[in-house]
Structure formats: C-alpha cells, structure tokens
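# Inside the fold
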Amino acid sequence: MSLLEIKNLHVGVKDAKILKGVDLTVNRGEVHAIMGPNGSGKSTLALVLAGRDTYEITEGEILYKGEDLLEVAPEERAREGLFLAFQYPVEIPGVSNVYFLKAALNAIRKHRGQEELDAMDFLTYVREKMALVKMDETLLNRPVNEGFSGGEKKRNEIFHMAVLDPVLAVLDETDSGLDIDALKIVADGVNSLRSEERAFIIITHYQRLLNYIVPDVVHVLLDGKIVRTGGKELALELEEKGYSWLEGEVHEEAVAHA
Amino acid sequence: MPETIAAVSPAGLAPEAEVYTRAFARVAVERTDHEPSRIGTLRKAAIDRFGELGFPNRKLEEWRSTDVRAIATTTFSFEPSAELVSEADCARFRYDNTHELVFVNGAFRSDLSRLQELPDGVIISSLEQGWREHPELIEPHLGRHAKFDNHAFVALNTALHENGVFVFFPRNAVVETPIHILHLGRGGDSPVASFPRNLFVAEENSQGRIIEQFATAGDTDTGGNHFTCPVTEVVLAQNAVVDHYKLQRESTDAFHMATFQIYLGRSSNFSSHSISWGGGLVRNDVNAVLGGEGCEATLNGLYMVGGTQLVDNHMRVDHVAPHCDSHELFKGVLEGHARAVFNGRIFVHKGAQKTDAKQTNRNLLLSPTALVHSNPQLEIFADDVRCTHGSTVGRLDELGIFYLRSRGIGEEAARSLLTYAFCADIVQRIKDKSVRRDLEEFLFRRLPQGDVVRQAV
Ligand SMILES: Nc1ncnc2c1ncn2[C@@H]1O[C@H](COP(=O)(O)OP(=O)(O)O)[C@@H](O)[C@H]1O
Ligand SMILES: [Mg+2]
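Within chain B one finds 11 helices and 21 strands. Computed over the C-alpha atoms, the radius of gyration of chain B is 21 Å, within 12% of the 23 Å expected from 2.2 N^0.38 for a compact globule of 457 residues. The buried share of chain B, taken over its 457 residues, is 60%. Of all intrachain contacts in chain B linking residues separated by at least 6 positions in sequence, the fraction that spans at least 24 positions is 85%. Roughly 17,100 Å² of accessible area belongs to chain B as shown, and the carbon and sulfur atoms make up 49% of that amount.

Rendered as structure tokens:
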C-alpha cells in the first residue's frame, strides 16, 4: 500500500480553480520533488494535505495509509505522522517555541501510545535535534517564530520536523531565501531523517536544493496540474530550459485536445 | 482643572435612592463617633449630593454603556452578615507571607486577619482604628482626593462608608512583606451592600506592595449577590514607590462599583495591575493625578468575562506636572454575551511639558455575541508632549490555530493556547508571585484543555 495516494484532486477557493486534477503517489522511503512557477498551486496542495479548511475540494480523493485523509482533522493528521513545513511559518506571540513543541510532541506520543516525556527527557531530546539543524539555543525560549529572521523561521520548521518525527514530511519552499550554508543545514537535516519508513515531498522553486537532497522522483506542477514526472535529471533540464519550455507543451497539449 | 459637568437627574429623589438616604440617617451617625467633625460634614454633603445625583443613567456620557439599574432596583441590607464567614471560607484566598486584613461584607474581621510584625512607624490597620490612633495622619488626605460631585457611587461611599484599611508607610520605610486586603462578600436572601473606604499613604522615599482581593465566600459561581462599593485614595509623596494589585473575583451575581484615586508626588512611581474575572456588573474608576514632576504611573489590567458579565474600566490620567510618564495597557477576553467598556482618558494640563503618555486597550472576542466599547480620549493642553493611544478588538488568528493544529495540538487546546498567549504579557508583568500564580491557575481552569496550556507555557 502506498503511503499517500492523491487521485484527480480538484481544489478551489470561491470561484477560482487552483488544482485541476492532481495525481500523485508516494511510497515510504521515497523523496519526491514538486517544482513549478509561482502561483501554480504548490502551496495549495501542501496546505490541503495538512488540512487547511479554507480550500474547497471539489473532486478527487486523498488516501493516507490507505484511509481517506480529507475526513481527518489537521491535528489527527499530524498525530498520524503528517508534517508540513510552512512556506510562511506563522508567528505565535506569547507561546514559547520549546513549550509549544513539548505540548505538540506529547500530544503525538500520547496518540501513539507512548509515554509523555517529562521536562528533563524532553530537553535532552530537543538538544539532540537542535544540534541536527544547528539551531541557536536562544530560539528555544522565544515565542514561536516571533522576531525570527527568514532563515531562522525555515530552520525552525526543520527543527520542528526533527522533533515531531513524521512519517510523511512536506516541505514547502523551505529553501527559498536561504543562503548556501543555511540551505546545506536544511538539506543535512532532511538527509539525516531519510529512512525506509519515511517519505518526503520537497516543494521547491529552484533546482539547487535538489543537489543536496537527491530526489527519487521529480514532478512539475503547472497551472494546477502535474504536467511532467521524471527522475532527478528533470530538475536539471528545468533549470536549463525554464518553465516556459513546459508551458509551451501544456499549450500544445491543450491545442491537441481541442 | 476643567471638569465635565454631568447632568443632574431631575428634581425629586427616585424611590430607589431614598433607601440610601434613610440608611444614612440610621447607619452613618452610629459609626462616626471616632471621626473628626470634618468627616461628619463631608458625609452629610455627600449624601445630599447623592440625593441630587441619584443613580447614574445612560444619558450621562460616563455611564453610556453601563446600566446600573440592577443596582438601583435591588434592596440591600446595610448590615454586614459577618458571622456567616469562617476560616474555611478565607483559606483559599489567603496569600502566604503577607500582612493580611480580612473584611466580610465591609466589616473588619480581626479574628480572620493576620498581621505580621511591622517595621518601625509602618501602620496597617482598619480605618476605624486608624482614626482612633492616628487621626493626624489620616486627616490631611481622606476625602480630599476622591471627588463625589459628579459621581454617585463615590458620594454613597463617602456618606456611608463604615470601615476600610489605613496603610501608612513612613519616610524611608521599605515594607518588604506585601499587604493583602481580602474583601469577602457573602450573598444571601437579602444582599448586603458594603462601602469599604481605604487610604494608602506612602511618605517620602518609602516603598511597599498592596494587594486588594475582592471575592465571594462560598461557591464563587453561585455565591450570590452582594454589592461592594469601595473607594480607595492613594497618596504617594516624593520618591515613593508603590506596587498595587487588584483581583476582582466575586460571584457572577455580584455588583462592584469601585473608585481608585491616586495622587503621585514628585519622582514617585505607582504601578497597578487590575485583574477582573468575577462580578456580574463591575465598574472600576481609576483616576491618577500626576502632580509632581518626574513621576511615573503604570496602570495595567486584564479582564476575562463571559456569560452576561459586564466589566467597565474607566481610566482617567491627569498629567499636571511636567516630565511625567504614564503607561496603560488593558487587555480583555470576552466570551458569551459578555460586555466590556474601556474608557481611557488622558488629560495633559497646560504646563505638563515633556509628558509621555501611552495607552493601549486590546480585546479578544471569543464569541460573536460579546461586545466591547473602547473609547480612548486624549485632551492635550501642552505642546511638547508624546501621547499615544490605541485600541483593538479582534478574534483569534485562524491561521495561527491551523499552524498549531498542524503540529498535533488539538483545536480546543490551540484556541486556549492563543487565548492564554493574548493574556500572557499582562501575566508576565505581575511581579507578585501569589497574584501571578492565582491568575495563572484561574486561566488554566477557565480555558478548555487548560492542562495542555499549562505544559505549553
Ligand atoms: N486562500 C486563497 N484565496 C484565494 N486565492 C488563493 C488562495 N490560496 C491560493 N490562491 C491562489 O491560487 C493560486 C496558487 O497559489 P499557491 O498554491 O500559493 O501557489 P504556489 O505555492 O505554487 O506559488 C494563486 O493564483 C493564488 O493567488
Ligand atoms: Mg507557495
């Protein structure tokens, strides 16, 4: 059974159609990259996976571990191992990063039938994960994302991911705006978590991240549809030719169908 | 000082006000043998003024959003039912390591009070005892700051007050142990009205902390109705530092109409945090006069109300002297059909140059039926000042809730967490550990999934 199966997914907001029939299958152990220009619907797909209910699903289905994901509340999805690193992490003034994570981790552990971690064990665990993403300890006690730089926010998402130990992690443009050192840290974080049990969907705009996180499959999302799927070479090809190369194809296809 | 002139209610006293004038004839006279004659005259003037004013109605600007008819039409007893309250009723409100004075329906209960040894010259006593033993210390202040000309409830308190607290910090005294004044009300078949009158005097270069707690004996939710109408005058001389807390946690049936009047002398520093979660109909008038150069007033507050509760914080800060700072931050959380009024007036007098006044009122509505009237007002008659004010009314950030949920936190817990976070900057400003813990515990109890909040903050 595949970990994630998206079939003919149509998503819209009010009258606007954003996703127009997306099919995607992800198995455990795989790393998928989704590339596409701004506005093609990448974040919409990511947010729908995480359970954002401001989007309307007009057609299609999503199966996660064989079950209908769309019926499941966001927190239940998280507890079942789904994680989204937000393109725009949300600032939560007044809630400390580390205490929030402790509550989140314990909610997940409880769901898994594991014992809740006490303050000491949690801290040991968290320190280990911080080392993984080379995160500054001071960010622990600050309110979630508040006053973080762009890079700190992205790294904090990877840190949350490492702590929450997901089964399927979706990273939405976690590389955008990162300098090369920060990019490597993010990539190292992801690579160290790669395993047979886990899968990743890496949404990115640029090919560069994929030099460090080598994907098994690359998809191109254009105007709400996956127009091309291939191996890691596809990313390089895109880098060279740009999306207009495929836009032309979409157009031709549309003409051919007409 | 320019004053707004409140309309006077039509001639002829409303029947509901007459009860109070009759009570005055009976009650006040018995209780005043220990007072100087000025106070007797003042009491008489106050009840006469109340007779003219009557209870405020909503045509008056200052009472536009707060309807006190429920108070006017309730028949109160003026006799404290003190014997109904025991140590067990007090226990859960006590704070360790404080000088604790307990009042029940306005009557001083020395049997329930616990005064520790005091530094030389420091006085903490009932007002009545204060008048007997130190009239010369009270006489210069009592009734000279809180004005009743335009305020029916100050008039009632001035006329009818039976007792209260007198606190005196002599010159250079540092009173390290906080003073805790616990006012317990007790509901019953005939609700009791009480009029505590407090005077806190901090002489030059003295320091101390005063905590006022208003609670209902018995079950806080169903403790019943009582009416508390306190007036507190606070006087800070040069360089005095006073840290004040008020916790309003009375039964949701209770009425509470309080006036808190502060005078700040040169380079003095007064800080107050007013926390309201109890009471059915609550009004706090807080008036600070920044009268001495270089003084600083911090007036912060938090209210969290639901059901049909109404809480009205009416602030007035008078910048009279130059180089003074005032900071006001009031935050409110409203559920159900609750209503909140925030009226914040900053008055910068001519000559109060280099005033720095900041006022903020933020409200969080958790239900579509809750309502806030927030009304900041600046009146500035000096030209070299910095004054800012702002007020917001908002709801929980849905994206924030989604973000928390996407990390595994349940929806209810996520809402509670964000609500707590909204309150947190007030909670964190509370320096007194007991008050702070009390407030935190209240929030953990009150917020759904409070245990998740407890471990997440
Ligand atoms: N909540 C929303 N309301 C209205 N339009 C939206 C919303 N979210 C996304 N869109 C629109 O859908 C399209 C795809 O957006 P998005 O998924 O963010 O693309 P990408 O992440 O690929 O840049 C854009 O045209 C965007 O304006
Ligand atoms: Mg995007």
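Our focus in this paragraph is empty space enclosed by the protein. Residue and element names in this part refer to chain B. Under the criterion given, the structure shown has four cavities of 30 Å³ or more. Approximately 150 Å³ is the volume attributed to the largest cavity. For the lining of the largest cavity, the secondary-structure elements that each account for two or more residues are β8 (207-216), β11 (241-249), β12 (255-264), β13 (269-276), β14 (281-290) and β15 (296-305). Here the residues of the lining of the largest cavity are counted per class, giving eight nonpolar, seven polar and three charged. The space that makes up the second largest cavity amounts to roughly 60 Å³. Around the second largest cavity, the lining is made up of 14 residues, and of these Asn105, Leu184, Gly185, Ser194 and Thr228 lie nearest the centre. Listing elements by their share of the lining of the second largest cavity, those giving two or more residues are β5 (179-185) and β9 (227-228). Of the residues forming the lining of the second largest cavity, the biggest block, three residues, is contributed by β5. The residue makeup of the lining of the second largest cavity, split by class, is six nonpolar, seven polar and one charged.

Our focus in this paragraph is the confidence of the model for chain B. Note: predicted coordinates in regions of low pLDDT should not be interpreted at a detailed level. Residue and element names in this part refer to chain B. Across chain B, pLDDT averages 92, with 93% of residues at or above 70. Across residues 1-12, confidence stays below pLDDT 50; counting only partners more than four residues off in sequence or on other chains, it has 17 contacts. Two summary scores accompany this predicted model of the complex, namely pTM at 0.92 and ipTM at 0.95.

For the rest of this paragraph, the subject is the packing of aromatic side chains. Scanning the entire structure with this criterion turns up 20 aromatic pairs over all chains. Taken together, a centroid distance of 5.6 Å and an interplanar angle of 45° make the contact between Trp63 of chain B and Phe153 of chain B tilted. Taken as a pair, Trp63 of chain B in the loop between α2 (37-53) and α3 (69-72) and Phe153 of chain B in helix α7 (residues 152-160) lie far apart in primary sequence, 90 residues in all. Given a relative accessible area of 1%, Phe153 of chain B falls into the buried group. The interplanar angle of 15° and the centroid separation of 5.5 Å between the aromatic rings of Tyr420 of chain B and Phe444 of chain B together place this pair among those described as stacked. Residue Tyr420 of chain B is located in helix α9 (residues 411-429), and its partner Phe444 of chain B is located in helix α10 (residues 433-446); the two are separated by 24 residues in the primary sequence. Here the aromatic residues Tyr20, Phe50, Phe55, Trp63, Phe76, Phe78, Phe153, Phe195, Phe227 and Phe255 of chain B are joined through ring pairs into a cluster of three or more. In this structure, Lys241 of chain A packs its charged tip against the face of Trp245 of chain A, placed 4.6 Å from the ring centre.

What follows covers the interface of chain B and chain A. Contact with chain B, which involves 22 residues of that partner, is made by 34 residues of chain A. When chain B packs against chain A, close to 2,200 Å² is buried across both sides, 64% of that on carbon and sulfur atoms. Among the residues of chain B in contact with chain A, Phe402, Tyr403 and Arg407 of chain B are the three that bury the most area, contributing 36% of the side total. Counting every contact that joins chain B to chain A gives two salt bridges. Salt-bridge contacts for Arg405 of chain B lead to Glu75 of chain A; the nearest nitrogen and oxygen are separated by 2.6 Å. At the boundary of chain B with chain A, the tally comes to nine residue pairs in polar contact (both at pLDDT 80 or more). Of all the secondary-structure elements, those providing two or more residues to the side of chain B that touches chain A are α8 (398-405), α9 and α11 (450-456) of chain B. Counting residues per element, the side of chain B that touches chain A draws most heavily on α8 of chain B, at seven residues. Taken together, the residues of the side of chain B that touches chain A break down into 12 nonpolar, five polar and five charged.

Residue and element names in this part refer to chain A. Coordination of the magnesium ion (ligand 2) by the protein involves Ser43 (OG) and Gln87 (OE1), with metal-donor separations of 2.0 to 2.1 Å. Remark: Gln87 occurs in the loop between β6 (82-85) and β7 (92-96) and Ser43 occurs in helix α1 (residues 42-50); sequence separation between them is 44 residues. The exposure class assigned to Ser43 is partly exposed, which follows from its relative accessible area of 21%. Note on Gln87: relative accessible area 14%, which makes it buried.

All names here are of chain B. Reading across the sheet, the 10 strands line up as β2-β1-β5-β8-β11-β13-β15-β17-β19-β21 and stay open at both edges, with mixed pairing between neighbours. The sheet is open, and its two borders are formed by β2 (107-108) and β21 (386-394), each paired with just one other strand. Of the strand pairs in this sheet, strand β1 (residues 99-104) and β5 are connected by six bridges, and their pairing is parallel. If you follow Val104 over to β5, its bridge partner there is Leu184. Lying on the sheet, α9 is in contact with β13, β15, β17 (325-334) and β19 (356-365); it crosses β17 at an angle near 145°.

What follows is about the site of ligand 1. Residues and elements named next belong to chain A. With respect to spatial proximity, the complete set of residues near ligand 1 consists of Val13, Ile18, Pro37, Asn38, Gly39, Ser40, Gly41, Lys42, Ser43, Thr44 and Tyr55. One of the backbone N or O atoms of Lys42 is found 2.9 Å from an oxygen atom in ligand 1. Contact between ligand 1 and Thr44: an oxygen atom at 2.5 Å from a side-chain N or O atom of the residue. In isolation ligand 1 offers 550 Å² of accessible surface; the protein chains occlude 59% of this area. Take the shell around ligand 1: its biggest share by element is three residues, from α1. Here the residues of the shell around ligand 1 sort into four nonpolar, six polar and one charged.

Here the focus is the sheet that holds strand β11 (residues 217-222) of chain A. Residues and elements named next belong to chain A. The six strands lie next to each other as β6-β9-β10-β3-β11-β12, forming an open sheet whose pairing is mixed. Strands with a single pairing partner mark the edges of an open sheet, and in this sheet they are β6 and β12 (225-230). Strand-to-strand, the axes of this sheet are offset by a mean angle of 20°, without reference to chain direction. Note that β11 and β12 share five bridges and pair antiparallel. Bridged to Val220 within β12 is Arg228. This element, α1, spans β3 (31-35), β6, β9 (168-172), β10 (199-204) and β11 of the sheet and lies at about 145° to β6. The sheet contacts of helix α9 (residues 233-241) involve β3, β11 and β12, and relative to β11 the element is tilted by about 40°.

Right, let's talk about α7 of chain B for a bit. Because each turn of an α-helix spans 3.6 residues, side chains separated by three or four positions end up pointing in the same direction. With nine of nine residues buried, α7 of chain B is to be regarded as a mostly interior element. Residues of α7 of chain B that are buried: Ala152, Phe153, Val154, Ala155, Leu156, Asn157, Thr158, Ala159 and Leu160 of chain B.

Cut-offs applied
Residues numbered from 1 in each chain as written. Chains lettered and ligands numbered in written order. Predicted model: local features only at pLDDT ≥ 70, side-chain atom pairs only at ≥ 80, totals over all residues. Heavy atoms only, no water. Helix = DSSP H or I, 4+ residues; strand = E, 2+ residues; numbered from the N terminus. Rg over C-alpha atoms; globule rule 2.2 N^0.38 Å. Buried < 20%, exposed > 50% of the residue type's maximum accessible area, 1.4 Å probe, protein only. Contact = heavy atoms within 4.5 Å. Areas by Shrake-Rupley, 256 points an atom, 1.4 Å probe, with all protein chains shown as cover. 1 Å grid on protein atoms, 1.4 Å probe; cavity = no way out; pocket = protein on both sides within 12 Å on 5 of 7 lines; lining within 4 Å. Points joined across faces, edges and corners; volume = space filled by probe spheres on them. Nonpolar A, V, L, I, M, F, W, Y, C, P; charged D, E, K, R; others polar. pLDDT = per-residue confidence, 0-100. Phe/Tyr/Trp six-rings, centres within 6.5 Å; stacked < 30°, edge-to-face > 60°. Lys NZ or Arg CZ within 6 Å of the ring centre and 35° of its normal. Buried area = accessible area lost by both parts, 1.4 Å probe. Salt bridge = Lys/Arg side-chain N within 4 Å of Asp/Glu carboxyl O. Polar contact = N/O pair within 3.5 Å; in protein donor to acceptor, adjacent residues only side chain to side chain. Donors = N, O, S within 2.8 Å, 3.2 Å for Na, K, Ca; no water. Pairing = 2+ DSSP bridges. Axes fitted to C-alpha atoms, helices over the stretch in contact; angles between N-to-C directions. Near = heavy atom within 4 Å.

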